[in-house]
Each structure stands twice: as structure tokens, then as C-alpha cells.
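Overview (structure and organization)
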Amino acid sequence: MDRFVFLTVYGLSRGAIYAAFALALVLIFRATRVVNFAQGVLAVVSAYLAYSVSGATGSYWLGFGAALVSGLVLGAVVERVVMRRVEHAPPLNAVIVALGLVLLTQGILGMIYGNQYRAFPAPFSTVAMTVHGVPLMTRYDLFVFGTVLVLMLALAVLFTRTATGLRMRAAAFAPQVSRLLGVNVGRMLTLGWALAALVGAVAGMLIIPTGLGLHPTAMDLVFVSSFTAAVVGGLDSPIGAVVGGLVVGLVLSYVGGYLNSASTPLAVLALLVVVLLARPGGLFSASTARRV
Amino acid sequence: MTALLRVEGLTAGYGGVPVLHDVDLAVPEGTICAVLGANGAGKTTLLRTLSGMVRPDRGRILLDGSDLRGLPVEQLIRRGLAHVPEGRGVIDELTVEENLWLGGLFRADRRALRGPLREAYELFPALYARRRHAGHQLSGGERQMLALARALVAKPRLMLLDEPSLGLAPLVVAQIMALLRRLRDDGGLTVLLVEQNVRSALSVADSAVVMAQGRVVAADSAGALVGDDALRHAYLGF
Amino acid sequence: MSRSTLLRHLVVTVACGVLLFGLTYALDPFRDYQLATAAAYLCATAGLTLLAGQSGQLSLGQGALMAVGGYTVALVQNQFGAHNVTTQWALLGSLVAAICVASVAGAVIGVAAARLRGPYLAGLTLVVAVAVPSIGTLWHSLLHGDQGLSVYLLPAPASLGETFPLERWQAWLAVIAALLTMLALGNLSSGRFGRTMRAVRDDEIAAKLAGINVAGTQVTAFVVSAACAGLGGGMLAVLAQSVSPGAYAFTLSLNLLLAVVVGGLGSLTGAVWGSVLLVLLPWLADDLTNSLIHSPAAQQRLAGNLSLAIFGLLLVIVMIAAPGGIQGLLNRAGRRVRGRRERVAAYRAEPSAPDAQPHAPAASRTSIPNP
């Protein structure tokens with residue numbers, strides 16, 4: 001029972017990060033119908049920058065700030081320089097271009113930082129606090145929950161309460177009509193990619209200290225889990241992405257805890273296959289998401 | 001009266017194939033001009049060219065004397081041109097209120113738009129009752145009202161209306177035409193109205209142009225066109 | 001497919017075989033090994049170009065299917081080794097087993113994939129590519145985790161002589177595998193099945209209305225492509241004489257995709273260019289860094305990473321600037337040359353004719369969109 005509680009909290013903490021990362025995927029998918037396969041590697045770039053800044057200044061938080069800013073900038077640059085050129089091409093092209101970015105970025109990171117894992121310390125203790133002798137959660141888990149919660153609330157406010165959020169949603173749903181209403185759709189797309197990369201960078205910052213450390217491929221598995229989370233939620237639905245993230249986090253935590261940690265990638269695969277075959281539109285899609 | 005909208009020698013089309021040939025048009029301020037013609041006559045292409053969605057090959061589009069050609073679509077509303085597209089362009093995923101807000105966001109922030117929104121609701125009480133509903137939950141008539149109301153929140157000088165009567169019950173069409181008349185008479189709104197429904201269009205229009213195969217084949221006052229039997233039979237089918 | 005097409009394919013295959021056979025004698029063992037590697041890649045990329053380019057299903061899991069083939073060859077070969085089987089034909093058995101096992105794996109993925117489109121399919125196959133290598137760790141007793149397995153391989157037949165290099169023998173094996181793959185896929189794609197696939201790719205609904213079994217076609221394409229990946233992966237295992245999860249990591253899948261896209265999506269000849277590129281580019285990049293940079297630390301950091309970055313950049317640039325890939329550019333250049341020649345010929349035949357007339361066919365030819 002103690003173990004179950006611990007695995008549940010651990011799963012929710014990982015799930016919160018997957019949720020954030022999945023949310024970033026959904027942000028871009030809703031606006032452009034493109035799954036940003038480069039999102040993991042963009043987050044890794046931000047994490048490396050944070051690593052360098054933290055190393056130079058000695059402050060974790062300056063590094064964290066650098067990751068946020070670099071996320072915004074990277075997202076905007078990638079959209080403006082690369083993705084915009086395949087916007088009207090067949091959807092396969094965007095996928096391939098994003099994968100090209102993955103190779104390019106991993107190569108560049110390897111050239112700059114080398115291919116060994118680098119220790120990436122957590123800002124809070126990762127030793128579990130015990131309640132009545134039962135290990136419950138770590139301070140770092142609390143930090144994760146808090147950060148993701150703040151992020152989600154900020155996004156919710158942005159999209160439902162502000163004029164910019166309204167414009168972004170309009171541009172995503174109906175670009176032509178939005179232009180007639182004076183919305184600069186191109187700018188909204190850039191902003192959407194910037195925001196998504198920012199959210200991805202935060203997710204990367206949160207999850208890398210819990211893993212093997214910093215490496216050009218550090219986010220590959222996270223991407224896979226979060227993509228599954230987004231698909232569980234329907235790729236289209238922000239709330240679905242959050243729920244999907246928590247579900248994936250829990251499943252992986254239980255599988256890793258009760259079976260074998262090496263089987264978690266296969267568990268992701270199994271979960272994805274089951275969801276895709278049972279409800280291809282995801283558990284939260286209002287309409288059929290897929291068009292033949 | 002000076003013409004608010006003046007179109008001179010406009011030629012435009014898709015992928016190098018011209019659809020509009022040498023179209024001339026003038027709409028005086030505070031009047032309603034109907035664009036009539038059969039399916040495929042180029043009416044919708046004309047509107048799409050005016051609002052920048054189709055690039056003209058030749059000709060000029062003057063709004064109050066300044067040329068609109070080459071302006072990005074999203075800039076046109078700032079010049080006072082509102083386009084209510086065919087199919088109405090209500091954004092289904094947004095609520096009625098969000099749609100209305102979006103209509104005015106280019107010129108004012110949310111707080112400043114409370115007044116214009118209240119006016120829109122006074123004009124269309126049905127929309128107020130459904131202001132929290134998503135666009136896809138509205139009926140056809142409500143969608144048309146929302147599209148019109150949203151365009152009015154923008155406080156445009158010229159409204160381009162594409163087939164507002166399409167798929168609506170005659171009673172609703174009559175209401176919409178009456179509303180256009182009122183907006184012109186009380187608010188000085190200028191409207192370029194594309195319609196298949198010739199009778200209702202001519203019932204509100206001051207002037208009209210008849211298009212066929214991408215050309216303007218007749219332009220006159222609405223009354224004169226109604227009286228021109230030959231023209232009516234040849235192009236308007238009644 | 002007409003009989004003449006079949007004959008033409010056969011003639012081309014035999015001609016290529018003779019040419020490559022001679023080439024292996026001209027090359028030193030290192031080059032022979034590179035040739036063998038390119039040929040092994042070609043098995044997999046040819047299958048992938050059929051799947052992605054002609055049936056329209058983008059799979060990022062081709063590397064995982066190669067892993068299936070590679071591990072199958074390793075396991076079967078090692079059984080042969082344990083039982084002291086000394087006939088060269090045993091390898092054929094291992095490779096056939098690799099093809100069969102990979103086909104079954106491909107069928108499983110294909111059945112799931114046939115219901116998926118675009119990003120969903122790409123995502124699912126990506127998860128396959130990332131997840132499958134972890135089976136090595138999970139089934140440690142059989143597959144020996146990250147360390148992998150070594151592959152039992154007989155030396156080149158004694159009849160070839162004492163000094164016959166193993167690399168040349170490996171090149172022969174790989175080239176034969178690649179040629180047979182190309183022949184089979186060439187016939188498949190120029191025949192009825194190819195037309196069916198392309199019909200499904202271009203318009204599923206129209207294909208369905210025309211009586212085509214859409215899902216069946218898609219699954220079949222997946223199985224064919226998986227069989228090719230199994231063969232290619234098996235050949236890679238034979239070349240390296242070892243298999244490990246690292247050798248078939250996600251990057252391999254991306255590299256195969258790169259080869260197919262840069263070579264020219266959907267074109268079998270393009271797959272040849274792409275596979276050659278996969279072998280030559282890392283080698284050239286390493287050569288370049290080693291000759292330009294002398295600090296061993298910097299060399300080590302650039303090793304592999306420079307070619308990775310170049311690959312990525314190529315993928316982005318090709319997709320944006322020349323989606324037809326190398327083969328697309330070659331076709332365009334070929335048409336231009338041919339067009340000019342025809343124009344000249346026409347002009348010579350009828351020098352008094354107005355210029356515009358002989359231009360017309362050339363102009364219409366250059367405007368044909370790339371396949």
C-alpha cells in the first residue's frame with residue numbers, strides 16, 4: 001500500500017510534466033495541424049542554455065529564466081524561418097522538416113557540448129518526505145506540481161481572458177475569417193510556436209533533473225510519452241492533454257514500479273496502440289478528429 | 001454625393017485565369033448597392049478581390065480616394081472595410097460574445113467594446129440570450145445575425161455582404177433587409193450587397209450592378225433595373 | 001505489368017550485378033565494406049520509399065524493423081554456429097527467417113497503422129522506433145541488453161582462395177540482397193499493386209469507390225516494406241557480425257527517412273542515392289574534420305555529430321527547396337537536356353519552321369510535375 005501511494009504521487013508528478021509537454025504539442029497542433037516532432041529537442045536546447053547560464057552564474061534560477069526566454073525565442077525563430085515555408089505543403093513535409101530539425105539540433109548540441117550525460121541538479125531535495133513513516137513525495141515533486149499548475153493557470157487566463165488569447169484561438173480555428181476581422185494570423189502563429197516552445201522548455205527543465213541527466217537525446221522518451229498523452233486526450237483538446245499526461249504518468253509509474261523500468265517504453269507503445277485502435281479521436285474529442 | 005467605394009478597370013482571377021474583366025463600380029456614401037447575377041458571374045470573386053483575398057491583376061480599388069490594392073487582408077478592416085463572407089464566417093468554436101469581441105478588437109480593448117456590444121445586443125436581442133453559446137450551436141438565422149452584428153461592432157464605413165439570404169427563411173430575410181435599410185438611413189452605413197435573391201436585394205438597394213461572366217453588363221438605380229424588363233429576363237430570371 | 005517491363009528490369013538488374021561484381025574487385029576491403037553497408041541500407045530504404053512515397057504512409061519505425069531482422073539473423077546464425085553447421089546456405093535460411101519475422105512484425109504495425117493518418121501514423125511508428133530497442137534490455141537472458149549479441153558468420157568460401165577478403169564476400173552478399181530487393185520492388189511498383197497503392201495514396205475515397213481494398217493495400221505495403229527492412233537489418237548484422245540496441249536506435253530510423261527523402265521520396269532510384277549518401281557522408285565528414293582539426297578532443301566531439309547536423313540540414317533544405325530530392329533534380333535536368341536535344345533535332349529537320357513550334361513539346365515536358 002505504501003508503495004502504491006508513493007508510485008501514485010510519483011506518477012502524478014511525472015504526469016504533470018507530460019501534461020505540460022503534451023499541452024505544448026496541442027497548442028501547435030490546434031493552430032497548424034502539425035505535430036511538432038522537434039519540440040523535444042527544442043526543450044533540450046533550452047536546458048543546455050540553462051545549464052551554461054547556471055554554470056556561469058552559479059544560480060539555478062538565472063538558468064531557469066534563460067530557459068524560458070530561449071524557449072520563446074527558439075519557438076518563434078523555428079516558426080518564422082522554417083515551418084512557415086512548409087505551411088501550405090502536404091502535412092508529411094512538415095513532419096519531415098521537424099525531424100530534420102531534430103537531427104540538426106542534436107548534431108549541433110553534440111558538437112558544442114559533447115555526447116556524454118551531464119549532471120543537471122534539481123533546485124530542491126529529491127529525497128521523499130515521509131508522513132507517519134510512509135514516504136510520500138519529494139520537495140522537488142511539490143516544485144513540479146506548483147510550476148505546472150502556475151503554467152496551466154497562466155495559459156488558461158491567457159486564452160480565455162485576454163484579447164491576445166482570443167485572437168490566437170480565432171486564428172487557429174478560422175484563419176481566413178480572422179484575417180478579415182483584422183487579426184494578423186501570421187503573428188499569432190509565431191506567438192503560438194513561441195509559447196509552445198516556452199512550455200516545452202519548462203517541461204524539459206522539470207524532467208531532466210529526474211532522469212539520467214542532460215544529453216542531446218534526453219527528451220526523446222519524454223516526447224514519446226507526451227505525444228501519447230496528447231493522443232489520449234485527442235491532440236485537439238488542452239484539457240484532454242492534461243488528463244492524458246496524468247494518465248500516462250500514472251501508467252508508466254505503475255509499470256516501472258511493479259514490473260520493470262525497462263518495459264516503460266513498451267508500455268507507452270501499448271497504451272498508444274490501445275487508444276488509437278479503440279478511440280482514434282482520443283478520449284476527449286468532441287468531434288471526429290481524423291479526416292479521411 | 002461622392003462615391004465612398006470606386007472600382008476602376010478591375011481584372012482579377014485565380015492562378016492567372018481571369019474571372020473578373022474590367023469591372024467598374026461606384027458606391028456613393030450612405031447607399032446600398034446590390035451586385036446581381038447568376039451563379040458563377042464573378043460576384044463572390046469581386047468581394048474577395050475587394051477585401052484582398054484575391055490579388056487583382058489590374059485596376060484600382062479606391063476607398064474614399066485611397067487605393068486598397070496590395071494591403072494585407074488584416075489591414076483592410078482598419079480602413080473601414082468589413083467583409084461578411086458567404087457562409088457567414090461565424091467562428092464555430094468561439095462563443096457569440098467572443099465572436100462579437102473579435103469584431104472590434106482591432107480598434108479597441110475589451111473594456112471599451114462594452115458599449116458597442118450592448119448596441120449589438122439591442123439590435124439583435126436573440127444574440128443576447130445566446131451570448132454564452134458556441135457558434136456551432138446557433139441556427140442559420142442567428143448565425144447571419146451574429147455575422148452582421150460582428151461586422152457592425154467594427155463600425156465600418158463600408159460593409160461587403162455576401163449572400164446574406166442564403167438558406168434563410170423568407171421572414172428572416174425580410175428582417176435582415178429591413179435592418180440594412182435602417183442602418184443606412186439612421187447610421188449612414190454603405191453596403192455592397194451580393195445577392196442571388198434579386199427581389200429582396202432590389203427591395204433595399206439604391207443602385208445595382210448586374211454581372212455576367214465576370215463583367216458588369218448593367219449598372220443603374222434599383223428602380224430603373226426593376227423596370228427594365230429585357231434586362232430582368234436576360235440576366236435576373238424574373 | 002507487361003512482359004517487356006519485366007524483361008527490362010531483369011536486364012538492368014543483371015547488368016548492375018555484373019558491374020558491381022567487377023567493382024568489388026577494384027575496391028580495397030574498406031571500400032568493399034562501405035559498398036556492402038550501402039547495399040544493406042538500400043534494402044531497407046527501398047522498402048521505405050515504397051511505403052512512404054508510393055503508399056503514402058510515413059513510417060518512422062523502419063529502423064526498429066531492421067532491428068527485428070538483425071536480431072533474428074543473430075539468433076538463428078548462432079544456433080547454426082552452436083550446432084556446427086558449416087554450409088554457406090545456412091545464412092540464406094537465417095535471412096529468410098529475418099524476412100519472415102520482420103514481415104509478421106510489420107503486419108502487426110500495419111494493421112494498426114491502416115486506421116491511422118498523417119501525424120498519428122508518424123507518431124505511432126516513432127513510438128515503435130523508440131520502444132522496440134528496449135526489448136533488448138527487457139529480455140536480457142536472450143538478447144543480452146545494451147551489450148547485444150555477436151553474430152556467427154562463416155568466412156568466405158574456401159574455393160575463392162585463401163586471401164579472398166571477407167569484406168568482398170560480404171559485399172557480394174549484400175549486393176545480391178539489394179539487387180533482389182530492387183528487382184522485386186521495381187516489378188511490384190510498376191505493376192498492378194503499384195497503381196493500387198498510388199491510387200490509395202492520392203485519394204482514398206476515390207480508390208474505395210473504385211473497388212480497391214484500401215486497408216488491405218496499406219497493410220500489404222507495410223508488410224512488403226517490413227520484409228525489406230528485415231532483410232536489410234539482417235544484412236547489417238551479417239556485416240557488423242554483431243547486433244545491439246544502439247546499432248538500431250531511433251537515429252537509424254531517422255537516417256533511413258533522410259535517405260529516402262533526400263534521394264527522392266517514392267523513387268527506387270532515389271533510394272539508391274540516399275543509401276550511398278548515408279554511407280559516404282559520415283565518412284566524408286569525419287575525413288574532413290580529421291584533416292582540418294587536429295585537437296583530438298574537438299575531433300571526438302565532431303565525430304558523428306557533424307554528419308548528424310549535415311543530415312538534418314539536408315533534410316530541412318531538401319524538403320523546403322526541392323521536395324523531389326536528388327532523383328527529382330536529376331529528372332528535371334534530364335528532361336531539360338532531352339528537351340533541348342529534341343528542339344535541336346526538330347530545328348535541324350525543319351530549319352525554316354518558326355521557333356515556337358519545336359519549343360512546344362519541350363515546354364510541356366518540363367512542366368510535368370515531379371512524381
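Analysis parameters
- Residues numbered from 1 in each chain as written.
- Chains lettered and ligands numbered in written order.
- Predicted model: local features only at pLDDT ≥ 70, side-chain atom pairs only at ≥ 80, totals over all residues.
- Contact = placed C-beta atoms within 7 Å.
- Helix = DSSP H or I, 4+ residues; strand = E, 2+ residues; numbered from the N terminus.
- Nonpolar A, V, L, I, M, F, W, Y, C, P; charged D, E, K, R; others polar.
- Domains from an automatic or database assignment.
- UniProt positions renumbered as here; feature names shortened; annotations may be inferred.
- Pairing = 2+ DSSP bridges.
- Buried ≥ 20, exposed ≤ 12 C-beta atoms within 10 Å, placed from the backbone.
- Arc of directions from axis to C-beta.
- Core = buried A, V, L, I, M, F, W, Y, C linked by C-beta atoms within 7 Å.

Focus on the interface of chain A and chain C
By a frequent convention, interface size equals the accessible area lost on bringing the separate parts together. On the chain C side, the residues contacting the 43 residues of chain A number 40 residues. Of the residues forming the side of chain A that touches chain C, the biggest block, 18 residues, is contributed by helix α4 (residues 91–113) of chain A. Taken together, the residues of the side of chain A that touches chain C sort by class into 30 nonpolar, 10 polar and 3 charged.

Things to note about the domain arrangement of chain B
Residues and elements named next belong to chain B. By the assigned domains, chain B splits into domain 1 (3–80 + 156–236) and domain 2 (93–155). In this structure, domain 1 and domain 2 have C-alpha centres spaced 24 Å apart. Counting residues at the interface gives 10 residues for domain 1 and 7 residues for domain 2. Residues of the side of domain 1 that touches domain 2, tallied by class, amount to 8 nonpolar, 1 polar and 1 charged.

Observations regarding the interface of chain B and chain A
Taken residue by residue, the interface counts 19 residues in chain B and 14 residues in chain A. Sorting the residues of the side of chain B that touches chain A by element identifies α2 (73–76) and α3 (96–104) of chain B as the ones contributing at least two each. Looking at the side of chain B that touches chain A, the element that brings in the most residues is α3 of chain B, giving 4 residues. Here the side of chain B that touches chain A is composed, by residue class, of 9 nonpolar, 4 polar and 6 charged.

Side note on the UniProt feature "transmembrane region" (unreviewed entry) in chain A
According to UniProt, the "transmembrane region" (unreviewed entry) feature falls on residues 6–27, 34–54, 60–82, 94–114, 142–159, 188–208, 239–259 and 265–286 of chain A. Along residues 142–159 of chain A, the helical share is 100% and the strand share 0%, with 26 Å between the first and last C-alpha atoms.

Side note on the pairing of strand β1 (residues 3–14) of chain B
Residues and elements named next belong to chain B. Here β1 runs beside strand β2 (residues 17–28); their pairing, made up of 8 bridges, is antiparallel. Within β2, the residue paired with Val7 across the bridge is Leu25. Between β1 and β2, which pair antiparallel in sequence order, lie 2 residues; one of them, Gly15, sits at a positive phi of approximately 55°. As paired elements, β1 and strand β4 (residues 56–63) share 6 bridges and run antiparallel to each other. Residue pairing in the sheet places Val7 in a bridge with Ile61 of β4.

Observations concerning unusual backbone geometry
For Leu235 of chain A, which is not a glycine, the phi torsion comes out positive at approximately 60°. Inspection of the secondary structure puts Leu235 of chain A in the loop between α9 (220–233) and α10 (238–259). The phi angle at Gln213 of chain B is positive, at roughly 50°, despite the residue not being glycine. Tracing the sequence through the fold places Gln213 of chain B in the loop between β9 (207–212) and β10 (215–221).

Some details on helix α9 (residues 192–202) of chain C
Residue and element names in this part refer to chain C. When we look at burial in α9, the residues that qualify are Thr196, Met197 and Val200. Each buried residue of α9 sits inside an arc of 100° when the element is viewed along its axis, so together they form one side. Looking at the buried residues of α9, the elements they touch are α2 (29–54), α10 (204–209) and α11 (214–240).

Points about the nonpolar core
Proteins that are soluble and globular tend to have nonpolar side chains buried together. Residues Ala19, Ala20 and Ala47 of chain A, Ala34 and Leu193 of chain B together with Ala174 and Leu315 of chain C are the most contacted members of the largest nonpolar core, which totals 302 residues. With 17 residues, the single largest contributor to this core is helix α8 (residues 185–207) of chain A. A domain-level breakdown of this core finds at least three residues from each of domain 1 (3–80 + 156–236) and domain 2 (93–155) of chain B. Look past the residues within four positions of Leu315 of chain C in its chain and what remains in contact with it is Ile96, Leu99, Gly100 and Leu103 of chain A together with Leu258, Val261 and Val262 of chain C.

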